[in-house]
Amino acid sequence: MIINHLQNELTTLEQKGLKRSLRVVDGSQGSRIIVDGHKVLNFCSNNYLGLADDPRLKQAAIKAIEEEGVGSGASRLVCGNMTAHQQLEKRLAEFKQTENCLVFSTGYMANVGIISSLFDRGDIIFSDRLNHASIIDGIRLSQAECKRYPHCDMQVLEKMIKANAGFKRRCIITDSVFSMDGDIAPLDRIVELAKKYNCLVMIDEAHGFGVLGKSGKGAAEHFGVNADIDIQMGTLSKAAGSFGAYCCGSNELISFLINKARSFIYTTALPPSVAAASLQAVEIIASDQDLRQRLWNNTNYLREELNKLGFNTFNSQTPIIPILTKDAALAVEFSKRLFENSIFISAIRPPTVPINTARLRLTVMVSHTKEDLDFVLKAFAEIGKDLCLI
Ligand SMILES: Cc1ncc(COP(=O)(O)O)c(C=O)c1O
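Within every chain, residues take consecutive numbers counted from 1 along the sequence as written. Local features are withheld for residues below a pLDDT of 70 in this predicted model, meaning they are given only at 70 or higher, and side-chain atom pairs are given and counted only at 80 or more; totals for whole chains, interfaces and linings count all residues. Note that water and hydrogens are dropped before the side-chain values are worked out from all heavy atoms of the structure.

> For this particular structure, what's the right way to read empty space enclosed by the protein?
It is a probe the size of a water molecule, rolled over the atoms, that shows where empty space is left. The method works on a 1 Å grid over the protein atoms by themselves. A cavity is a set of points holding a 1.4 Å probe that cannot get out, a pocket is an open set with protein on both sides within 12 Å along at least five of seven lines, and residues with an atom within 4 Å of a point line them. Grid points are joined across faces, edges and corners, and a volume is the space filled by probe spheres set on the points. Scanning the entire structure with this criterion turns up one cavity of 30 Å³ or more. When its volume is computed, the largest cavity comes out at roughly 70 Å³. For helices the rule is a DSSP run of H or I covering at least 4 residues; for strands it is a run of E covering at least 2, with both sets numbered from the N terminus onward. Elements supplying a minimum of two residues to the lining of the largest cavity: strand 4 (100-104) and helix 11 (262-265).

> Honestly, the packing of aromatic side chains in this entry has me stumped. Any pointers?
Both the distance between ring centres and the angle between the ring planes are used here to describe each pair of aromatic rings. Pairing of aromatic rings covers Phe, Tyr and Trp, the last counted by its six-membered ring, and requires centre-to-centre distances within 6.5 Å; plane angles under 30 degrees mean stacked, over 60 mean edge-to-face, and any other angle means tilted. Scanning the entire structure with this criterion turns up seven aromatic pairs. With centroids separated by 5.9 Å and ring planes inclined at 70°, the aromatic side chains of Phe104 and Phe264 adopt a geometry described as edge-to-face. Here the residue Phe104 occupies a position in strand 4, and Phe264 occupies one in helix 11, the gap between them amounting to 160 residues. Only protein chains enter the area calculation, which uses a 1.4 Å probe; residues under 20% of their type maximum are buried, those over 50% are exposed, and those in between are partly exposed. A relative accessible area of 5% places Phe264 in the buried class. The structure contains a cluster of three or more aromatic residues connected by ring pairs, namely Phe95, Phe209 and Tyr246. Only Lys NZ and Arg CZ are tested; either one counts as a charge over a ring when it is within 6 Å of the ring centre and within 35 degrees of the ring normal. Of note, Arg23 hangs over the ring of Phe339, and the distance from its end group to the ring centre comes to 4.4 Å.

> How do you make sense of the side chain of Thr357 when you look at a structure like this?
Structurally, the position occupied by Thr357 is in the loop between strand 13 (347-348) and strand 14 (358-363). For Thr357, a relative accessible area of 18% corresponds to the buried category. Within polar-contact distance, the side chain of Thr357 engages the backbone oxygen of Pro354 at 2.6 Å. Within 3.5 Å is the distance limit for a polar contact, defined as a pair of N or O atoms, with the added protein rule that one can donate a hydrogen and the other accept it, and that residues adjacent in sequence qualify only through two side-chain atoms.

> Got a minute to help me understand the sheet that holds strand 4 in this structure?
Two strands in a sheet stick together by hydrogen bonds in their backbones, pointing the same way (parallel) or opposite ways (antiparallel). Taken together, seven strands build an open sheet; the order of strands is 4-10-9-8-7-5-6 and the sheet is mixed. Each edge of the open sheet is held by one strand with a lone partner, namely strand 4 and strand 6 (145-149). With direction set aside, neighbouring strand axes in the sheet form an average angle of 20°. As paired strands, strand 7 (residues 170-175) and strand 8 (residues 200-204) are joined by five bridges and run parallel to one another. Along strand 8, the bridge assignment pairs Asp175 with Asp204. In this fold helix 8 (residues 187-197) packs onto strand 6, strand 7 and strand 8, with an angle of close to 175° to the strand it touches most, strand 7. Strand pairing requires that DSSP identify at least two bridges connecting the strands. For helices, the axis comes from a line fit to the C-alpha atoms of the stretch in contact; other axes are also lines fit to C-alpha atoms, and the angle between any two N-to-C directions lies between 0 and 180 degrees. When checking whether two residues touch, look at their non-hydrogen atoms; a contact exists if any pair is within 4.5 Å.

Okay, structure coming up:
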């Protein structure tokens, strides 16, 4: 009975062009990988700065494994809190210029744990309509009232805030860089509204950390509002090339999360090797501005050329470049044709993105050469014409 139901759902997904399956990748997350046995150019990894296979990170992880072993043995509050975790949190707080920091096992767990522990019935959260699934799940778990505002629409957000007085706490939560659109939330305007109406602000810098801002601190630095954001969450799994996530903020906030965030309390601590690799990544991000500049050179070149070809790249301003196909089956066909040309770019379909906005999600890395970018542009021009997208 249950099995029949599952099969029916799967068949429906297949008929709508929405069924997903796993592909197998060999090799580290560089510009060239092997997918299902085929050597391809990789244009869908979030390893923006190429740190996932940087020798310095590998060395830091190996050293930690040799000195402290593989697993951390228990949750942070039991006996899993090791020197590597403490060092990483201290360095992140210093880098982000906040009083304190807490590391979570993943970005998903960070958002779920932070939001569900901080907010409750009687509170209200204003959430951008395109926020990441982990924010949405955190809000659901919190049981706070939630109002979703149209993507980056500050006029509607202000109206919503005005219309919803009388709550215990009000908080605006937004991705700083939207993971499927590649645009940047107007944090300057959000902070202005928060000050005017006495709201808290939480941002998710998953795709901003290491990429935006003069020293790579993220979108808060880019807009010069670092000191005005109450809760700064970000991941160590994307530009930092490692794994895990952070929450930066006041001493009081961090102490509260240590006591209340269930996804922090009831899980085994990150392996020390992962914390050590992340620490090395933070040092590189903080000191190597040239690396970031090269990522931006690649990004600006590719986006400009795609626009010149006539592709719709939404309002992308970052190394995440969406290519709108609208139709899910068309996105799958585009991705398949690219794969036949040795280029790996995933099709992104509902429910990850709204209906009728299926797309390819192309990500740029510092490790792409000019030849790689030109090779992709040539394939896009040919296939895009064939599929009547340009
Ligand atoms: C905006 C955003 N927030 C949170 C996450 C979750 O982070 P993680 O992959 O570390 O769980 C992701 C990516 O997966 C993301 O894109």
